[in-house]
Amino acid sequence: MSGFIRPLHKVIVEGEGGEVKHSQFLSDYLRKPSLDLQVATFGNTLLDVLIEESYISENLKLKQVLTGNAHADATRLIGSIAESLVVKLCNSEPDVNRILGMYARFGQRPHKKLDDYVAVATGSMRAKNYFFQHYNPCDTQRDIIWVEKDDTSNQLLCISPNNRVGAKPAGLQVKASHDGVKYVVPTIQDYHYPVLYFDLNGDWGEVQKAVITHYQNATLVHPDEIQHEVKHILKGYFDIVVALIHGEISIEQIIQESKWRGDSILPTGIDGAEPTSESKLILPSYLR
């Protein structure tokens, strides 16, 4: 037989007793993961975010205004979720906090002074509950700010040119889109702060080129500068949210099916898998 022979790598999700719950050829997973595997991998942490940000009602439904366009509705929600993930990453990983804090203040290097500040998503429920003075879901410029640990009334300030007095507060805008050229580039000039762009369809380079060509003063931050898994996680969340909106799956089913603690196990396993001709990537299942 001539022609392309499909490799026999498989991604397998095992149940508590070792039984196979879901499986998919690795090549198919990399092109388009099945919903079952997305839920098994990302459902647990997605529920955490949805609950923390009060996106789930008491009757276990999404509390979101739907427009009839599931793709657009899901993308809008993922944009908000991205802000929460970035803040959590900043506050758990000092290196990430330094890098994004550097961009937020228009700095040139990730200074250790940024360790004295914590990131806050201005429109999040966490900000409403713990940093109420900074809670501002209508802020059109800054999705994320940084406040001083010892005195949260003080915000991180931008580096002032020529050390002039009256520097403005630092900040970062977060965007997630499947078509950044259409939805991100035309509005990027409206933002006075750097934009961290999660390209859910892999068009970051194209978007960056358009920004450089038309808006040279704008700053676009690549998600890989903080952690490349975040974009992978957001794509998994997106598929699950679309399925929720379409009614293909329910919150109750996600609760039953999601067995993972953490959502970087699968990407790490794939990246580290040895490409032999008949290998399997078997992933252990964890209880909530």
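For clarity, every value in this text was computed on a predicted model and none was experimentally measured.

S.K.: Sorry if this is basic, but what is going on with the environment of Cys138 here?
M.R.: By the element assignment, Cys138 lies in the loop between helix 5 (125-130) and strand 4 (144-148). According to the relative accessible area criterion, Cys138 is exposed, its value standing at 64%. In sequence terms Cys138 and Thr122 are 16 residues apart; their C-alpha atoms lie 8.6 Å from each other.

S.K.: Would you explain the packing of aromatic side chains in this entry?
M.R.: Aromatic ring pairs: the centre-centre distance and the angle between the two ring planes describe each pair. Tallied over the entire structure, the rule returns three aromatic pairs. Ring plane angle 90 degrees and centroid distance 6.3 Å describe the contact between Phe42 and Tyr237, whose orientation is recorded as edge-to-face. Of this pair, Phe42 sits in helix 2 (residues 35-52) while Tyr237 sits in helix 8 (residues 229-246), and the two are 195 residues apart along the sequence. Here the aromatic rings of Phe106 and Tyr193 are separated by 6.4 Å at their centres, their planes lie at 35 degrees, and the arrangement is tilted. Here the residue Phe106 occupies a position in the loop between helix 4 (94-104) and strand 3 (117-121), and Tyr193 occupies one in the loop between helix 6 (180-183) and strand 6 (195-199), the gap between them amounting to 87 residues. For Phe106, a relative accessible area of 34% corresponds to the partly exposed category. Of the residues examined, Tyr193 reaches a relative accessible area of 10% and is grouped as buried. Seen from the ring of Tyr193, Lys168 lies directly overhead, with NZ or CZ sitting 4.6 Å from the centre.

S.K.: So what exactly am I meant to see when it comes to unusual backbone geometry here?
M.R.: The phi torsion at Leu60 lies on the positive side, around 60 degrees, for a residue other than glycine. Examined against the element boundaries, Leu60 turns out to sit in the loop between helix 2 and helix 3 (70-92). According to the relative accessible area criterion, Leu60 is partly exposed, its value standing at 29%. A positive phi angle is found at Phe106, which is not glycine, with a value near 60 degrees.

S.K.: What exactly am I supposed to notice about the pattern of salt bridges here?
M.R.: Charged atoms that come close allow side chains of opposite charge to pair. A complete count under the given rule lists five salt bridges for this structure. Put simply, Glu52 and Lys88 hold a salt bridge, and the shortest N to O gap is 2.9 Å. On the criterion of sequence distance, the pair formed by Glu52 in helix 2 and Lys88 in helix 3 is long-range, its members being 36 residues apart. Here Glu52 falls in the partly exposed class, since its relative accessible area comes to 30%. Owing to a relative accessible area of 37%, Lys88 belongs among the partly exposed residues under this scheme. Note that Asp199 and Lys231 form a salt bridge whose closest N and O atoms lie 3.1 Å from each other. Taken as a pair, Asp199 in strand 6 and Lys231 in helix 8 lie far apart in primary sequence, 32 residues in all. This pair shows no difference in class: Asp199 is buried, exactly as Lys231 is.

S.K.: What should I look at first to understand the packing of helix 2 against helix 8 in this one?
M.R.: The relative placement of two packed helices comes down to the angle between their axes together with the axis-to-axis distance. Contact pair helix 2 / helix 8: the axes reach a minimum separation of 9 Å and the direction vectors enclose 105 degrees. One element, helix 2, and the other, helix 8, form an angle in the roughly perpendicular class. Contacts between helix 2 and helix 8 involve Leu35, Gln38, Val39, Phe42, Gly43, Thr45 and Leu46 from the former and His232, Ile233, Lys235, Gly236, Tyr237, Asp239, Ile240, Val241 and Ala243 from the latter. Residues of the contact of helix 2 with helix 8, tallied by class, amount to nine nonpolar, five polar and two charged.

S.K.: Hey, could you run me through the sheet that holds strand 5 (residues 173-177) in this one?
M.R.: The strands making up a sheet associate through backbone hydrogen bonding, with each pair oriented either parallel or antiparallel. With parallel pairing, the three strands of this open sheet are ordered in space as 5-6-7. The two strands at the open ends of the sheet, each matched to only one other strand, are strand 5 and strand 7 (220-221). One ladder, built from five bridges, connects strand 5 with strand 6; its direction is parallel. Residue pairing for strand 6: Gln173 is matched across the bridge by Val195. Across the sheet, helix 3 lies against strand 5 and strand 6, angled at about 135 degrees from strand 5, the strand it touches most.

S.K.: So what exactly am I meant to see when it comes to the pairing of strand 3 here?
M.R.: For a regular strand, side chains alternate in direction, first toward one face of the sheet and then toward the other. The element strand 3 is extensively covered by neighbouring structure, given that five of its five residues are classed as buried. Neither face of strand 3 is exposed, since Tyr117, Ala119 and Ala121 on one face and Val118 and Val120 on the opposite face are all buried.

S.K.: Teacher, can you tell me more about the nonpolar core here?
M.R.: When a protein is soluble and globular, its nonpolar side chains tend to lie buried together. By size, the foremost hydrophobic cluster in this structure holds 54 residues, and its most contacted members are Ile78, Ile81, Leu100, Trp146, Phe198, Leu234 and Tyr237. With residues near it in sequence (within four places) discarded, Trp146 still touches Cys90, Asn97, Leu100, Gly101, Ala104, Tyr117, Val118, Ala119, Asn154, Gln155, Leu156 and Leu172. Within the second largest apolar cluster, eleven residues are counted, among which are Val184, Val195, Tyr197 and Ala210.

Calculation criteria
- Residues numbered from 1 in each chain as written.
- Predicted model: local features only at pLDDT ≥ 70, side-chain atom pairs only at ≥ 80, totals over all residues.
- Heavy atoms only, no water.
- Helix = DSSP H or I, 4+ residues; strand = E, 2+ residues; numbered from the N terminus.
- Buried < 20%, exposed > 50% of the residue type's maximum accessible area, 1.4 Å probe, protein only.
- Phe/Tyr/Trp six-rings, centres within 6.5 Å; stacked < 30°, edge-to-face > 60°.
- Lys NZ or Arg CZ within 6 Å of the ring centre and 35° of its normal.
- Salt bridge = Lys/Arg side-chain N within 4 Å of Asp/Glu carboxyl O.
- Axes fitted to C-alpha atoms, helices over the stretch in contact; angles between N-to-C directions.
- Parallel < 35°, antiparallel > 145°, perpendicular 65-115°, else oblique.
- Contact = heavy atoms within 4.5 Å.
- Nonpolar A, V, L, I, M, F, W, Y, C, P; charged D, E, K, R; others polar.
- Pairing = 2+ DSSP bridges.
- Core = buried A, V, L, I, M, F, W, Y, C linked by side-chain atoms within 4.5 Å.

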